[in-house]
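Here are the chains, one letter per residue:
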Amino acid sequence: MTDFRKSTVYQIYPKSFYDSNGDGLGDLRGIMEKLDYIKELGADYIWMTPFFLSPQKDNGYDVEDYYRIDPRYGTMEDFEELSAEAEKRGIRLMLDMVFNHTSDRHEWFRKALEGDEKYRNFYIWKKGKEPGVPPTNWESKFGGSAWQYVEKFDEYYLHLFDVSQPDLNWDNPQVREEIRKVVRFWMGKGVKGFRFDVINLISKGDFLDDHEGDGRRFYTDGPHIHQYLQELNRETFGKDAEIITVGEMSSTSMENCYQYASEDGKELSMVFSFHHLKVDFMGNEKWVLVPYDFRKLKEILFSWQKGMAEHRAWNAVFWCNHDQPRVVSRFGSEGKYWKESAKMLGTAIHCLRGTPYIYQGEELGMTNPGFTDISQYRDVESLNHFRILQEKGLTEQDAYRILQVHSRDNSRTPMQWTGQANGGFTEGEPWMEVTKNCSYINAEAELADGDSVFRHYQKLVRLRKEYDVISMGDVKPLAEEHPQVFAYERTWKDEELLVVNNFYGRETVWSSGLDTAGFEKLLGNYEDGCPENGTFRLRPFETMVLFRRK
Ligand code: GLC
């Protein structure tokens, strides 16, 4: 069994990874062609975002058929070949299961719309409060009401995401049985990992107006969530000890995560939580421009590290995914210290307790694209909010400034393989523009450079395998009050590790008060430089990982 504490997961957004047939869209065969690259990085698992049959209103998170592969991405034979080729390289596949909702084109929803009672009960229908007024004031995560009126029934259906993504009714045992069938089907194909999309939203509570917000408190970590996860676990993936699972937990609480990701293995192997990635929001409001709050970032990361360890639960640790802007643009620097900051951010997250996830291109230090025209954007959430922001009175220019920072498209631009046309992603017309800096930020250049961001990530992946203190050690926060430094200590048996990061583009000094004698530097982003008598003089975005045996 692969020990997920020593493993690293590499996330692929298939549409933007590599196009093998020149139609401008990435595909499964494209992933196959790049397996050696992932092997070179050292990742153990590949999480692929959904490639099931889908109208692509939300890039595959709107599933029309869980058993079929969207022809845009390839065929079942391609998938089987990919799986076999990955296995030859010791890499396992993790599939992305979207079970909170389906597409409105799914057969179940189509039958529901026809009036078939069995399938109407697969979804959530309510009467309006009065004519023209939805059942509750809940908001869709993509903007607007979370309810859609259907005249034929004089009822509304719930869609926490796009109107084309009706929420499934998990309180219906037939729905849960259908979901189990899907999981078993993919287990039968040899899949050894599952990521469950917004899984903590599946159990809805009271359908009441939310006078304080958008309704999320009524359906987040809902009343039967643990029961439903335990049931799914028991009846499907829990039967195979080799399978690892990760749940995407939207606006969750730590207390719930202790249970979701408990070592007892009754629910999931680990969880994604997002509180540390809201430090540049205003409360829950993402569509604003505020500088990120470094102290809050540290506080949140540390409290999750401590809480989850004390309760013997396991984190997924990450900065990036297909819903987040690029971390080097967000907390690092795109300019003078691009390389230093990309390496520092990687180090800061990879040496924590938890399983690290690398999102395609993060290992190259890919940046936000800086799009300046709405025609360059693709994501439904961005397109909606571009409109909503202007309806609220912002100028078009201000709306662009916000999109440039927060849009999910920031991470969805094609992977930068070479410095050639379209970054070597496709021979055709890419579905989305490639970021201009592919001329120097690209895999080919970084593989040829022993000091690249890629080589740094490769070392991080390797160190986790080599040092038990990284995969298993306890975590102790350090420098908690320091305005620039994010530092922590890890300990395991006789091993000690110090991880020290300067999060800013200016020098700083940290007098740690630690006895730093006898530590050796395992990794850094400047050649020399070690603490003297416990004093760290850190250069812009400097990072260092120090190790000693007691
Ligand atoms: C998750 C996915 C996101 C998707 C949403 C709805 O948050 O990561 O991309 O839009 O769920 O399925």
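1. Observations regarding the site of the ligand
Looking at the ligand, there are 13 residues lining it, with Asp58, His101, Asp197, His322 and Asp323 nearest. Asp197 has a polar side-chain atom sitting 2.7 Å from an oxygen atom of the ligand. Arg408 is positioned with one of its side-chain polar atoms (N or O) 3.0 Å from an oxygen atom of the ligand. Within the complex, the protein chains bury 96% of what would otherwise be the 310 Å² of accessible surface of the ligand. The class makeup of the residues in the shell around the ligand is 4 nonpolar, 2 polar and 7 charged.

2. Here we look at the pairing of strand E2 (residues 45–48)
Of the two faces of E2, the one carrying Tyr45 and Trp47 and the one carrying Ile46 and Met48 are both buried. Two strands pair when backbone bridges link them, and strand E1 (residues 9–12) and E2 are joined in this way by 4 bridges, in the parallel orientation. What sits directly across from Gln11, in E2, is Trp47. The pairing of E2 with strand E5 (residues 92–97) spans 4 bridges and is parallel. Bridging across to E5, Met48 finds its partner in Leu95.

3. With respect to the domain arrangement of the chain
On domain assignment, one finds that the chain holds domain 1 (9–101 + 190–460), domain 2 (107–158) and domain 3 (472–549). Computed from C-alpha atoms alone, the centre-to-centre distance between domain 1 and domain 3 is 28 Å. In this assembly, 27 residues from domain 1 lie in contact with 30 residues from domain 3. Taking both sides of the interface into account, the surface hidden between domain 1 and domain 3 amounts to around 2,300 Å²; carbon and sulfur atoms contribute 71%. The three residues of domain 1 that bury the most area against domain 3 are Phe294, Phe302 and Met344, which together make up 27% of that side's buried surface. At the junction of domain 1 with domain 3, the criterion picks out 1 salt bridge. Arg295 serves as the salt-bridge partner of Glu481, at 3.6 Å between the closest nitrogen and oxygen. One can count 10 residue pairs in polar contact (both at pLDDT 80 or more) joining domain 1 with domain 3. Of all the secondary structure elements, the ones that give two or more residues to the side of domain 1 that touches domain 3 are helix H10 (294–310), helix H12 (338–350) and helix H16 (453–466). No other element matches the 8 residues that H10 contributes to the side of domain 1 that touches domain 3. Split by residue class, the side of domain 1 that touches domain 3 holds 14 nonpolar, 6 polar and 7 charged.

4. A closer look at unusual backbone geometry
Positive phi values are uncommon outside glycine, yet Gln56 reaches one of about 65°. Along the polypeptide, Gln56 turns up in the loop between strand E3 (52–53) and strand E4 (65–69). The exposure class of Gln56 is buried, given its relative accessible area of 11%. Within the chain, Asn59 stands out as a residue other than glycine whose phi angle is a positive 50°. Among the structural elements, Asn59 can be located in the loop between E3 and E4. The exposure class assigned to Asn59 is buried, which follows from its relative accessible area of 10%.

5. Some thoughts on the packing of aromatic side chains
Per the counting criterion, the structure on display carries 52 aromatic pairs. Where Phe51 meets Phe52, the ring centres are 5.2 Å apart and the plane angle is 45°; that geometry is what we call tilted. Residue class for Phe52 comes out buried when judged on its relative accessible area of 0%. Their ring planes at 75° and their centres at 6.5 Å tell us that Phe51 and Trp186 sit as a pair that is edge-to-face. A residue pair is termed long-range when its members are at least 10 positions apart, and Phe51 in the loop between E2 and E3 and Trp186 in helix H6 (residues 173–188) qualify at 135 residues. Of the two residues examined, Phe51 and Trp186, each falls in the buried class. Counting every residue linked through ring pairs, the aromatic cluster contains Tyr292, Phe294, Phe302, Trp319, Phe331, Phe486, Tyr488, Phe503 and Tyr504. Over the ring of Trp431 we find Lys15; its NZ or CZ atom is 4.9 Å from the centre of that ring. The ring of Phe207 carries Lys126 above its face, with NZ or CZ at 4.4 Å from the centroid.

6. What about the packing of helix H13 (residues 380–391) against helix H14 (residues 396–406)?
The description of two helices packed together rests on the angle between their axes and the distance between the axes. H14 packs onto H13 with a crossing angle of 145° between their chain directions and a minimal axis gap of 9 Å. Here the hand of the crossing between H13 and H14 comes out right-handed. On H14, the residues that touch Ser382, Phe386, Leu389 and Gln390 of H13 are Glu396, Ala399, Tyr400, Ile402 and Leu403. By residue class, the composition of the contact of H13 with H14 is 6 nonpolar, 2 polar and 1 charged.

What counts and what doesn't
- Residues numbered from 1 in each chain as written.
- Predicted model: local features only at pLDDT ≥ 70, side-chain atom pairs only at ≥ 80, totals over all residues.
- Heavy atoms only, no water.
- Near = heavy atom within 4 Å.
- Polar contact = N/O pair within 3.5 Å; in protein donor to acceptor, adjacent residues only side chain to side chain.
- Areas by Shrake-Rupley, 256 points an atom, 1.4 Å probe, with all protein chains shown as cover.
- Nonpolar A, V, L, I, M, F, W, Y, C, P; charged D, E, K, R; others polar.
- Buried < 20%, exposed > 50% of the residue type's maximum accessible area, 1.4 Å probe, protein only.
- Helix = DSSP H or I, 4+ residues; strand = E, 2+ residues; numbered from the N terminus.
- Pairing = 2+ DSSP bridges.
- Domains from an automatic or database assignment.
- Contact = heavy atoms within 4.5 Å.
- Buried area = accessible area lost by both parts, 1.4 Å probe.
- Salt bridge = Lys/Arg side-chain N within 4 Å of Asp/Glu carboxyl O.
- Phe/Tyr/Trp six-rings, centres within 6.5 Å; stacked < 30°, edge-to-face > 60°.
- Lys NZ or Arg CZ within 6 Å of the ring centre and 35° of its normal.
- Axes fitted to C-alpha atoms, helices over the stretch in contact; angles between N-to-C directions.
- Left-handed = near helix turned anticlockwise from the far one by under 90°.

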